[in-house]
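Coordinates in review
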Amino acid sequence: MVKQEPKEVRVFAPATVANVACGYDVLGFAINAPGDEVVVRHSNKPGLRITKITGDDGKLPKTVEGNTAGVAALDLLRHLGMSDRGIEMEIHKKMPFGSGLGSSAASAVAGVYAVNKLIGEPLSKRQLLPFAMTGEASADGAYHADNVGPSLLGGIVFIRSNQELDIAEIPVPKELYAAVVHPDIEILTKVAREILPAEIPLENATQQIGNLGGLICGLIQEDYGMISRSIHDVIAEPRRQKLIPEFYAAKRAAISNGALGFSVSGAGPSVFALCEGEATAKKVAAAVSDVFTKTGLNNQPHVSPINQQGVHVIS
């Protein structure tokens, strides 16, 4: 049943860590911050319009078809036969571009979720996934849900098939925390993908599959030892680490301070560690941040439990 339409909706969509080391393009989780905010309200003028964007340093277009939030929302409205509905959208970017934290995905998720709420919530969160995917794909042409899925649904999301959008939500151990550090450099997803190998040796593929299976089993069983033994990427990390200054020094700092595992977040340059307990996560974040600071890189550390709420209304 369609709910009564509010006059205005403000939503927050969280940042995400994609790949989670061994789960290239098929695993991701949400964190509490940073994230993007989108505000939508009804308008007397027909059609969807983006009226304001903040926090983007003028980089993002206000044309609906050129903006991930606009593309996702418009795709939803067309699906519902409501593309002429008068809606104004504001986008407030509160996370950096090219960060490896799912910036374009968060905008797409926030845009489609906000519009769905404004028009009476005709679709469920899960039903919004393909529209959010369309929005993110408009940014880099890649169609994978390891950022969009957890930003929308929260928690840890496994994607069996990106083409079919066949996804599953993985249980989250109670004491699992993430330490995420974003060094102030930008890595374009396109560049990070181009340096990956076209073919993978069978031995590496087998090892990666074993690690992914072990990580999922460890999460389900709350087996922190299994989680730690499984957070290893033998495919993307060895190649992408060269784009991140002092990556292995940061990794050694994380592990020596108690991290279960450490790797590149998405395409980078953000890095992440999974930890047992908030205290350990804070120590790890500080240690990794210190490595980047000593190399002359400004950086932003974030410590968060796994965000199990995903996108949500904030006012």
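Structure first, text after, so check above.
The present account deals with the structure reproduced in this document. Note that the coordinates shown come from a computational prediction; the quantities given were computed from them, not determined experimentally.

1. Overview of the nonpolar core
Phe29, Val40, Met89, Ile156 and Leu274 are the most contacted members of the largest nonpolar core, which has 73 residues in total. Among the elements that make up this core, the one with the highest residue count is helix α2 (residues 103-118) (10 residues). The residues touching Phe29, leaving out its near neighbours within four places in the chain, are Ala15, Thr16, Val17, Val20, Pro150, Gly155, Ile156, Ala178, Phe272, Leu274 and Ile306. By size, the runner-up hydrophobic cluster in this structure holds 26 residues, among which are Tyr177, Val264, Ala273 and Leu297.

2. Things to note about the environment of Thr68
Looking at the element boundaries, Thr68 is found in helix α1 (residues 68-79). C-alpha separation for the pair Thr68 and Val26, spaced 42 residues apart in sequence, amounts to 21 Å. Sequence-distant contacts of Thr68, defined by excluding residues within four places in its chain, comprise Ser104, Ser107, Ala108, Gly135, Glu136, Ser138 and Ala139.

3. Thoughts on the packing of aromatic side chains
This structure, assessed with the given rule, holds 3 aromatic pairs. Here the aromatic rings of Phe247 and Tyr248 are separated by 5.1 Å at their centres, their planes lie at 75 degrees, and the arrangement is edge-to-face. Relative to Phe262, the ring of Phe247 has its centre 5.4 Å away and its plane inclined at 45 degrees; by these criteria the two rings are tilted. In this pair, Phe247 is assigned in helix α9 (residues 247-256) and Phe262 in strand β8 (residues 261-264), connecting sequence segments 15 residues apart. Judged by relative accessible area, Phe247 falls into the buried class, the value being 2%. The exposure class assigned to Phe262 is buried, which follows from its relative accessible area of 1%. These aromatic residues form a ring-pair network of at least three members: Phe247, Tyr248 and Phe262.

4. Side note on the packing of α2 against helix α3 (residues 129-140)
How two helices pack is summed up by the angle between their axes together with the distance between the axes. Remark: α2 packs on α3, axes separated minimally by 8 Å, with the N-to-C direction vectors making an angle of 140 degrees. By the criterion of interaxial angle, the relationship of α2 to α3 is oblique. You can see that α2 and α3 cross each other, and the crossing is right-handed. In this structure, α2 uses Ser104, Ala105, Ala108, Val109 and Val112 to contact α3, whose residues at the interface are Phe131, Ala132, Gly135, Glu136 and Ala139. By residue class, the composition of the contact of α2 with α3 is 7 nonpolar, 2 polar and 1 charged.

5. Concerning the side chain of Asn307
Here Asn307 lies in the loop between β10 (299-305) and β11 (312-313). Apart from the residues within four sequence positions on either side, Asn307 is in contact with Pro14, Ala30, Ile31, Asn32, Gly154 and Gly155.

6. Details of the pairing of strand β6 (residues 166-170)
Pairing of strand β5 (residues 156-161) with β6 involves 5 bridges; the strand directions are antiparallel. When the sheet's bridge partners are listed, Ser161 is paired in β6 with Asp166. A loop of 4 residues connects β5 with β6, the two strands running antiparallel in sequence, and Leu165 in this loop sits at a positive phi of about 50 degrees.

So, how was this worked out
- Residues numbered from 1 in each chain as written.
- Predicted model: local features only at pLDDT ≥ 70, side-chain atom pairs only at ≥ 80, totals over all residues.
- Heavy atoms only, no water.
- Core = buried A, V, L, I, M, F, W, Y, C linked by side-chain atoms within 4.5 Å.
- Buried < 20%, exposed > 50% of the residue type's maximum accessible area, 1.4 Å probe, protein only.
- Helix = DSSP H or I, 4+ residues; strand = E, 2+ residues; numbered from the N terminus.
- Contact = heavy atoms within 4.5 Å.
- Phe/Tyr/Trp six-rings, centres within 6.5 Å; stacked < 30°, edge-to-face > 60°.
- Axes fitted to C-alpha atoms, helices over the stretch in contact; angles between N-to-C directions.
- Parallel < 35°, antiparallel > 145°, perpendicular 65-115°, else oblique.
- Left-handed = near helix turned anticlockwise from the far one by under 90°.
- Nonpolar A, V, L, I, M, F, W, Y, C, P; charged D, E, K, R; others polar.
- Pairing = 2+ DSSP bridges.

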